[in-house]
Amino acid sequence: MQDPLFGAETPAIDDATPAQQVAQLRDVLHHHAHQYYVLDAPQIPDAEYDRLFKQLQALEEAHPDLRTPDSPTQRVLGQVLDGFTPVRHAVPMLSIRTETDTEASGAVNFDARVRRELALTELDAPVEYAAELKFDGLAINLRYENGALVQAATRGDGEIGEDVTQNIRNIRQIPLRLKGVNAPVLEVRGEVYMRRDDFEKLNEQQREQGDKTFVNPRNAAAGAVRQLDPGISAKRPLSFFAYGLGDVQGWDVPPTHSGLLDALQSFGLPVSDKRIVARGADGLIAYHQAIGAERDQLPFDIDGVVYKVNQRELQARLGFVSREPRWAVAHKYPAQEQATLIEGIDIQVGRTGKLTPVARLKPVFVGGVTVTNATLHNLFELRRKHVRVGDQVIVRRAGDVIPEVVGIIAAVRPQYVPNFRMPTQCPVCSSTVVREPGEMNHRCSGGLFCAAQRKQAILHFAQRRALDIEGLGEKLVDQLVEGHIVRTLPDLYKLGVAKLAQLERMADKSAQNIVDALEKSKQTTLPRFLFGLGIRHVGETTAKDLARHFGQLGHKDDETKAGIMNASLDQLLAVNDVGPVVAQSIRTFFDQPHNAEVVEQLRAAGVTWAEHEPSAAADAASLPLYGKTFVLTGTLPTLGREDAKALIEAAGGKVAGSVSKKTHYVIAGAEAGSKLEKAQSLGVPVLDEEALQALLRDGPAAPDNAAVDQPA
Ligand code: 5U1
């Protein structure tokens, strides 16, 4: 029999007593939930997890006395409450001193204070700190007794919080049972938060259903935790990071904070891997700057970083002032929300004709940049937020997400201003504006007749992930469309140096570069081409799936393209992840004669894709990395992540987001994180960029990859 924890086979539990079977199934399910939700490295298919889960449910049904609160089956239960029960914290939940000086001096001041309090002189060594992220969420105390989660409470006023156990049980990342520790009492403190992508998805859903949207991930998370109906709470995707302790009985707390975080992680709790041990003010400054540079790319909001004196013994010497420890500080970053004034509301027309109301703002510095525009999404959203010209509003800019108006500061509304109305004609081409029944968005009906849609369509086609036409940016496209030089995509390939050189601020050399870039872009791949056409709902992944699927039917090159263009709805529905909406959108696109014509004209202009494009199964199988799965981690010396991914895929390989036993290679660069550790623990070969290049050139050396070096 395979190891029941790792094998996909059913554990051999049939001979065991029901109690043993239940215990074994729980262990297996806890293990796989941890792999999936915390480590992002699933080891068994979802269907297998579901099967084991149902097996456990059936056993518990037959033997109710074996049901315990820490069973994985007990997560999404609970009843609608009238209110939350107060909980007195065994150890008060303290707050943290905030350093609002967002410059390096903030770290210098903290270090100086710590040294002064500890009576250290210049001759003493730098103080050691544990540095971690300051998550923008809601603080929670998790109480484990004998290893099982028995209670979760909010911070409240620090002395008395609220019992939110049944909602917290819905957070899959939070273990119901700790691994390897059975202390009579172990309280873990940390932050419940919502990832940015989960927040965007949740708001998109709310918008589609005409429901109220959430202001920011923190409010959405706090609302979900304090939701009286656990059924509603369970639908709000929450995450958790542990960062400290409350009451502890019967466990030897490690002597350093960094050691404590490592221990919590080993118990199966999620702890952010963006933590370091830093020495002195210089170490803190470097950390603050490095995380600041990465902040926009993090999958969740942070409002700063936290520095803690690492040695607990020194923490004890430093003590507290009011409710804040002297040994910790939260060093802030510029706020991601600011108040400003709406000076006007403009309408932007997108690639698909969608009309988006955009607030013109009094410039405001938010999230590290000056923002002058912010989306209001659509008329319904705008109305729900009661936004009008002249209002003082809160603007949010976090991550790569476009800035948005999250709400008005109602108290400062000036005198009566009429409600905003959507135009009945497109502000760009004057075509009729329509809104289909049940749709929240207004659209221009002008299609490619509309210059705004044409501009966006060209920029989409030219972008790096599509035809990658270097130099064809917004300003040039504006000139080309407004000067009636380019009306359709194929017109791009009629551009010559002489024509381009006549444009404003266009030197001969630049014109030649554009022509060269256009020429180069003609050698593309079918997925890039399909994505570049801008078919509604066809992103990069769907474009790849389409190319692969129709390629597998035996078509080559033009035949594959024709196969897609002529596919019936049923044939399209047979493609991986293509549902009715996407299939209909593809059909509608190619049913329009002018779209089919654009494709033919692009082909006639010389746009082509390589014969060995991995769209045909036979071709794909002969590619050097066919059937190999890669995971990328860290920063490679010369290749960007997208470049490395494109090279691997062009050679027939696949790039996955997490490491599992099925991963063939992990490509690791500088500052590789937990994925590297995971690869090493599973014995997955780890390569650097040079080895990747060799692999791309020569393919795997031997069937068992024996020649691949494993870095120490
Ligand atoms: N990462 C982290 N966030 N945070 C918040 N650590 C941390 N520690 C805190 C708080 C309020 O308080 C302790 C220093 C008591």
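In what follows, the structure referred to is the one given above.
Residues numbered from 1 in each chain as written. Predicted model: local features only at pLDDT ≥ 70, side-chain atom pairs only at ≥ 80, totals over all residues. Heavy atoms only, no water.

1. Some points on helix H6 (residues 217-225)
And then number 1: For H6, the set of buried residues is Pro217, Ala220, Ala221, Ala224 and Val225. Looking down the long axis of H6, one finds its buried residues gathered within 130° of arc, a one-sided arrangement. (Buried < 20%, exposed > 50% of the residue type's maximum accessible area, 1.4 Å probe, protein only. Helix = DSSP H or I, 4+ residues; strand = E, 2+ residues; numbered from the N terminus. Arc of directions from axis to C-beta.)

2. Re the site of the ligand
And then number 1: Around the ligand sit Leu94, Ile96, Glu132, Leu133, Tyr243, Val306, Lys308, Pro325 and Ala328, and those are all the residues in its vicinity.
And then number 2: Between the ligand and lysine 308 there is a distance of 2.8 Å, counted from a nitrogen atom to a side-chain nitrogen or oxygen.
And then number 3: Isolated, the ligand exposes 370 Å² of accessible area, and the fraction of that covered by the protein chains is 87%.
And then number 4: Among the residues making up the shell around the ligand, the classes are represented as seven nonpolar, no polar and two charged. (Near = heavy atom within 4 Å. Polar contact = N/O pair within 3.5 Å; in protein donor to acceptor, adjacent residues only side chain to side chain. Areas by Shrake-Rupley, 256 points an atom, 1.4 Å probe, with all protein chains shown as cover. Nonpolar A, V, L, I, M, F, W, Y, C, P; charged D, E, K, R; others polar.)

3. Thoughts on the environment of glycine 399
And then number 1: Topologically, glycine 399 is positioned in the loop between strand S17 (392-396) and strand S18 (404-408).
And then number 2: Given a relative accessible area of 1%, glycine 399 falls into the buried group.
And then number 3: Separated by 102 residues in the primary sequence, glycine 399 and glutamine 297 have C-alpha atoms spaced 6.0 Å apart.
And then number 4: Those residues in contact with glycine 399 that sit more than four places away from it in its chain are Arg196, Asp296 and Gln336. (Contact = heavy atoms within 4.5 Å.)

4. So, the pairing of strand S16 (residues 369-375)
And then number 1: Here strand S15 (residues 354-366) runs beside S16; their pairing, made up of six bridges, is antiparallel. The residue of S16 that forms the bridge with valine 358 is threonine 375.
And then number 2: Hairpin geometry of S15 and S16 is characterised by an intervening segment of two residues between the two adjacent antiparallel strands and by a positive phi of about 60° at glycine 367. (Pairing = 2+ DSSP bridges.)

5. Details of the sheet that holds strand S7 (residues 185-193)
And then number 1: Taken in spatial order, the four strands of this open sheet run S5-S4-S7-S8, and their pairing is antiparallel. The sheet is open, and its two edges are formed by strand S5 (148-154) and strand S8 (239-249), each paired on a single side. Across the sheet, the mean angle separating the axes of adjacent strands is 25° when strand polarity is ignored.
And then number 2: Direction of pairing for strand S4 (residues 138-145) relative to S7: antiparallel, over a ladder of seven bridges. Directly across from asparagine 141, in S7, lies its bridge partner arginine 189.
And then number 3: Packed onto the sheet, helix H8 (residues 257-266) meets S7 and S8 and runs at close to 110° relative to S8. (Axes fitted to C-alpha atoms, helices over the stretch in contact; angles between N-to-C directions.)

6. Side note on the side chain of threonine 256
And then number 1: Structurally, threonine 256 can be placed in the loop between S8 and H8.
And then number 2: A polar side-chain atom of threonine 256 sits 3.4 Å from a polar atom in the side chain of serine 258.

7. So, unusual backbone geometry
And then number 1: Phi angles above zero are rare outside glycine, and serine 430 is one such case at about 65°.
And then number 2: Residues other than glycine seldom take positive phi values, yet histidine 484 does so here, at roughly 55°.
And then number 3: When you line up the elements, histidine 484 lands in the loop between helix H13 (474-482) and helix H14 (497-501).
And then number 4: Accessibility expressed as a relative area gives 59% for histidine 484, which makes it exposed.

Honestly, that's just the spatial picture; any functional story needs more than this.
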